[in-house]
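Results of the structural survey
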Amino acid sequence: MARQLYDLAGADPALRFSPYCWRIRLALAHKGLPVETIPWRFTETERLAFSGQALVPVLVDGERVVHESWAIAEYLEQAYPDRPSLFGGPAAQALTRFVNGWTDATLHPALAPLILRDILDCILPEHRAYFRESRERRFGRTLEALAAERDQGVIGFRRLLQPLRLVLRAQPFLAGAAPAYADYILLGTFQWARCVSNFRLLEADDPVHAWRARMLDAHDGLAGRAPGHEV
């Protein structure tokens, strides 16, 4: 059966920068499931009409259509129980749901102002007005004003990572000895930044920096080989 993932792309179709799509690309690699990624861009809502909503990621797995990253991860775990587990059991899955919510509610709002202006330069000209207007409405500032404050903003972002440091000082991955979906959630966040911006998020001696390097090498360097900036 054909398996396709609709994946947010920049002006360059090879540039894929959605943190949510990266979660699923890594989850599919973890499961050993081949997939064709379909580049999708802002405002192309009609191309997703078949899925009943207007955002990526959207996974088409044979006759099954699933959207939203957490729902897709749960689907993959249920549909392919003979493949490596994304979570490591029900209790770990429940805890991973917390990582998912913490990342979306805490890390993303702190990271977005640091990189939004850079995203503007990566997308097609015809999508820039939509992107600028929607993001400036959300944050109540111009993209340029947000960028002007990022040297200060990154201090707060790094402070939020302290729980990760405490874990990563004791073990190589959030999930323990090997990466799992909790790690893919977090790497999606850093891959979002890496693909669009050369702004330095982490200090070289940060345990999160070393973890990110390990994750960029995972699954034959799937994330590390993607177009992006040196980190």
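Counting from 1, residues in each chain are numbered in the order their sequence is written. In view of the model being predicted, local features appear only for residues whose pLDDT reaches at least 70, and side-chain atom pairs are presented and counted only at 80 or more, with totals across whole chains, interfaces and linings using the full set of residues. Water and hydrogen atoms were dropped before computing side-chain values, which therefore reflect all heavy atoms in the structure.

Per the secondary structure count, the protein includes 9 helices and 4 strands. Strands here mean DSSP runs of E at least two residues long; helices mean DSSP runs of H or I at least four residues long; both are numbered from the N terminus. Of the regular secondary structure in the protein, the N- to C-terminal order runs β-α-β-β-β-α-α-α-α-α-α-α-α. By the compact-globule yardstick of 17 Å for 231 residues, the protein fits well, its C-alpha radius of gyration being 17 Å. Counted over contacts in the protein with a minimum sequence separation of 6, partners at least 24 positions apart contribute 67%. Residue burial considers only the protein chains on display, and all accessible areas are found by Shrake-Rupley using a 1.4 Å probe. Only carbon and sulfur atoms are counted for the fraction: they give 55% of the accessible area of the protein, which is about 10,600 Å². C-alpha atoms define the radius of gyration in this analysis, and the globule rule sets the expected value at 2.2 Å times the number of residues to the power 0.38. By definition, residues are in contact when any of their heavy atoms lie within 4.5 Å.

With that settled, consider the sheet that holds strand β3 (residues 58–61). The rule for pairing is simple: two strands pair if DSSP sees at least two bridges between them. One open sheet holds the 4 strands; their spatial order is β2-β1-β3-β4, and the pairing between them is mixed. Each having just a single partner strand, β2 (36–40) and β4 (64–67) make up the two edges of the open sheet. Within the sheet, the average angular offset between the axes of one strand and its neighbour, ignoring direction, is 20 degrees. As defined by bridge partners, β3 adjoins β4 across 4 bridges and the pair is classed as antiparallel. In the sheet register, V58 faces β4, and the bridge partner there is H67. Each of β1 (3–8), β2 and β3 is contacted by helix α1 (residues 19–31), which is oriented at about 150 degrees to β1, the strand it contacts most. Every axis corresponds to a line fitted to the C-alpha atoms, with the helix fit spanning only the stretch in contact, and the corresponding angles, defined between N-to-C directions, vary from 0 to 180 degrees. Here helix α2 (residues 69–79) sits on the sheet and contacts β3 and β4; the angle it forms with β4, its principal contact strand, is near 135 degrees.

Another point: helix α6 (residues 150–160). All buried positions along α6 are accounted for by R150, V154, F157 and R158. One side of α6 holds all its buried residues, which, seen down the axis, span an arc of 95 degrees. Opposite the buried face of α6, at more than 90 degrees from it, the exposed residues are Q152 and R159. Considering only its buried residues, α6 is in contact with α3 (90–120), α5 (143–148), α7 (162–168) and α8 (181–196). Throughout, exposure labels follow a simple rule: accessible area from a 1.4 Å probe, protein chains only, divided by the maximum for the residue type, with under 20% read as buried, over 50% as exposed, and the rest as partly exposed. Arc, as used here, means the arc of the directions from the helix axis to the C-beta atoms.

This part is about helix α9 (residues 207–221). Residue pairs three or four apart in sequence face the same way in an α-helix, which turns once every 3.6 residues. Take the number of residues in a helix, subtract one, and multiply by 1.5 Å to get its expected span. Counted at 1.5 Å a residue, the expected span for α9 with its 15 residues is 21 Å, and the 19 Å between its end C-alpha atoms agrees. Three or more residues of α9 are buried, namely P207, V208, H209, W211, R212, M215, L216, A218 and G221. Check the buried side of α9 and you find it contacts α7 and α8. Identification of polar contacts relies on pairs of N or O atoms within 3.5 Å, with a donor-acceptor requirement for protein atoms, meaning one able to donate a hydrogen and the other able to accept it, and with residues adjacent in sequence counted only if both atoms are side-chain atoms. Between the side-chain oxygen at the start of α9 and the backbone nitrogen of V208 there is a gap of 2.9 Å, and the oxygen is on D206.

Moving on: the packing of aromatic side chains. Centre-to-centre distance and the angle between the planes together describe a pair of aromatic rings. Here the aromatic set is Phe, Tyr and Trp, taking the six-membered ring for Trp, and pairing holds for ring centres within 6.5 Å; pairs whose planes are under 30 degrees apart are stacked, those over 60 apart are edge-to-face, and all others are tilted. If you walk through the whole model with that rule in mind, you get 9 aromatic pairs. Pairing W70 with F87 gives two aromatic rings, centres 5.5 Å apart and planes at 50 degrees, and the pair type is tilted. With W70 in helix α2 and F87 in the loop between α2 and α3, this pair connects stretches of sequence that are 17 residues apart. Residue classification places W70 among the buried residues on the basis of a relative accessible area of 6%. Within the aromatic cluster, the residues linked to one another by ring pairs are F17, F42, Y130 and F131. The cationic tip of R25 hangs over the ring face of W22; the distance from NZ or CZ to the ring centre is 4.4 Å. Its guanidinium or amino end placed over the ring of F173, R214 lies 5.7 Å from that ring's centre, counting from NZ or CZ. Here, a charge over a ring is recorded when the distance from Lys NZ or Arg CZ to the ring centre is within 6 Å and its angle to the ring normal is within 35 degrees.

For the rest of this paragraph, the subject is the state of the cysteines. By disulfide we mean two sulfur atoms from cysteines, separated by a distance within 2.5 Å. Under the definition given, this model contains 0 disulfides. Take C122: it sits in no disulfide, and the sulfur closest to it among the cysteines is that of C195, at 9.0 Å. Residue classification places C122 among the buried residues on the basis of a relative accessible area of 16%. You can call C195 buried: its relative accessible area is 3%.

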